[in-house]
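These are the residues of each chain, in order.
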Amino acid sequence: MDKVIKEGEVKTSEKIIQMLKTQGPLTAKVLAEALALTTMGVRQHLQGLEDSGDVIFEDKKAARGRPTRFWSLTSQSNSHFTDRHSELTVQLIDSVKTVFGDQGLNQLIEHRESTSLDLYLNAMSGKTELIEKLQVLKQLRTDEGYMASIEQEGDILWLLENHCPICAAASQCLNFCRSELQLFQRLFEACAIVSREEHIIEGARRCAYKIVPL
């Protein structure tokens, strides 16, 4: 019986982590409603996650009554998500820079961008509408570990990436991030203007790309 309970606890905790990752700071009440649990039950899971260093809370003033407690993830929680063997990646980047210099590393990044562009364009083949193309890109990026989603505000579309599986590489060399933005701009250059409004490397909880139709 104890084993079953522990497995259930892990599963619920992982669901909480997934929700905080994709939706940002949430209250215990919102989490409880989404998971069909009691608020007290969710608070117990959150306490366990706080003890393990995966979540923190912030009490925000409410219009009336007591402050509302919002829970969010810490950087330590990244261990729950794909990291694409970050240590090896950083070592390889250092090796490329040592052997081939900055120019060699830039050529490697350009080759990766070009390869990704061909892959994405091939997957979008036959799609004529911007939203259709974006939906294909969202699925491709999710498959790569970016936990992507789409939101729409009027005519403006947003590609949201809630996780960065190449974060270690991007932190080591910002050209990876520049290349990602350039890749999306090249993908949609005939039908939209793409800009990055939120950036994980700069401390945001996600990368948010604003896509404005031409």
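Parameters at a glance
Residues numbered from 1 in each chain as written. Predicted model: local features only at pLDDT ≥ 70, side-chain atom pairs only at ≥ 80, totals over all residues. Heavy atoms only, no water. Salt bridge = Lys/Arg side-chain N within 4 Å of Asp/Glu carboxyl O. Helix = DSSP H or I, 4+ residues; strand = E, 2+ residues; numbered from the N terminus. Buried < 20%, exposed > 50% of the residue type's maximum accessible area, 1.4 Å probe, protein only. Pairing = 2+ DSSP bridges. Axes fitted to C-alpha atoms, helices over the stretch in contact; angles between N-to-C directions. Contact = heavy atoms within 4.5 Å. Phe/Tyr/Trp six-rings, centres within 6.5 Å; stacked < 30°, edge-to-face > 60°. Lys NZ or Arg CZ within 6 Å of the ring centre and 35° of its normal. Polar contact = N/O pair within 3.5 Å; in protein donor to acceptor, adjacent residues only side chain to side chain. Disulfide = S-S within 2.5 Å. Expected span 1.5 Å × (residues − 1). Core = buried A, V, L, I, M, F, W, Y, C linked by side-chain atoms within 4.5 Å. pLDDT = per-residue confidence, 0-100.

Engineer: Which residues make up the pattern of salt bridges, and what values go with them?
Structural biologist: In total, this model carries seven salt bridges according to the counting rule given. Taking the shortest distance from any N to any O, the salt bridge between Arg186 and Glu113 comes out at 3.0 Å. Of the two residues, Arg186 sits in helix α7 (residues 175-187) while Glu113 sits in helix α4 (residues 86-123), which places them 73 residues apart along the sequence. According to the relative accessible area criterion, Arg186 is partly exposed, its value standing at 37%. Here Glu113 falls in the buried class, since its relative accessible area comes to 7%. A salt bridge links Glu161 to Arg141, with the nearest nitrogen and oxygen atoms 2.7 Å apart.

Engineer: Give me the sheet that holds strand β4 (residues 156-161): which residues, what numbers.
Structural biologist: The four strands are arranged β3-β4-β6-β5 in an open sheet whose pairing can be described as antiparallel. The open sheet has two edge strands, β3 (148-153) and β5 (192-198), and neither has a second partner. Neighbour to neighbour, the strand axes of the sheet diverge by 25° on average, direction disregarded. With five bridges connecting them, β4 and strand β6 (residues 207-213) associate as antiparallel partners. Counted as the bridge partner of Leu159 is Tyr209 from β6. Those strands touched by helix α5 (residues 130-143) are β3, β4, β5 and β6, and its axis lies near 150° from that of β3. Of the strands in this sheet, β4, β5 and β6 touch α7, which is tilted by about 150° from β5.

Engineer: Report on the packing of aromatic side chains, specifying residues and quantitative values.
Structural biologist: According to the stated counting rule, one finds two aromatic pairs in the structure shown. Between the aromatic rings of Phe184 and Tyr209, the centroid separation amounts to 4.7 Å while the plane-to-plane angle is 85°, which identifies the pairing as edge-to-face. Here Tyr209 lies in strand β6 and Phe184 lies in helix α7, a separation of 25 residues in the sequence. Across the pair, Tyr209 and Phe184 agree in class, each one buried. Over the ring of Phe70 we find Lys60; its NZ or CZ atom is 5.0 Å from the centre of that ring.

Engineer: With reference to specific residues and values, describe the side chain of Glu113.
Structural biologist: A polar contact of 3.0 Å, which involves the side chain of Glu113, links it to the side chain of Arg186. Contacts of Glu113, omitting those with residues within four sequence positions, involve Ser179, Gln182, Leu183 and Arg186.

Engineer: Go over the state of the cysteines, please, and point to the residues and values.
Structural biologist: As enumerated under the stated definition, the model contains zero disulfides in all. No disulfide involves Cys207; its nearest neighbouring cysteine sulfur is the one of Cys164, lying 6.0 Å away.

Engineer: Outline α7, supporting the account with residue identities and numerical values.
Structural biologist: Helix length check: α7 (13 residues) gives 18 Å between terminal C-alpha atoms against 18 Å at 1.5 Å per residue, within 8%. Here α7 has its buried residues at Phe176, Cys177, Ser179, Glu180, Leu181, Leu183, Phe184 and Leu187.

Engineer: Would you mind going over the environment of Ile211 in detail, with residue names and values included?
Structural biologist: Within the fold, Ile211 resides in strand β6. By relative accessible area, Ile211 is classed as buried at 1%. Setting aside residues no more than four positions away along its own chain, Ile211 makes contact with Leu130, Leu134, Asp155, Ile156, Leu157, Leu159, Ala192, Ile193 and Val194.

Engineer: An account of the nonpolar core is requested, with residue identities and associated values reported.
Structural biologist: Counting residues in hydrophobic clusters, the biggest one holds 25 residues, and the most contacted among them are Leu137, Leu159, Phe184, Leu187, Phe188 and Ile211. Mapped onto this core, the elements with two or more residues apiece are α4, α5, β4, α7, β5 and β6. Once residues within four sequence positions are removed from consideration, Leu159 is found in contact with Leu134, Leu137, Lys138, Ala148, Ser149, Phe184, Cys207, Ala208, Tyr209 and Ile211. In this structure, Met19, Ala28, Ala32 and Leu35 belong to the second largest nonpolar core, which totals 17 residues.

Engineer: Please set out the confidence of the model for the protein chain residue by residue, giving values where relevant.
Structural biologist: Looking at the protein chain as a whole, the pLDDT averages 86, with 89% of positions reaching at least 70. Counted against residues more than four places away or in other chains, residues 1-8, with its pLDDT under 50, gives zero contacts.

Engineer: Describe unusual backbone geometry, and please don't skip the residues or the numbers.
Structural biologist: The phi torsion at Ala36 lies on the positive side, around 60°, for a residue other than glycine. Considering the arrangement of structural elements, one finds Ala36 in the loop between α2 (28-35) and α3 (39-51). Positive phi, normally seen in glycine, also occurs at Met147, with a value near 50°. Structurally, Met147 is set in the loop between α5 and β3.

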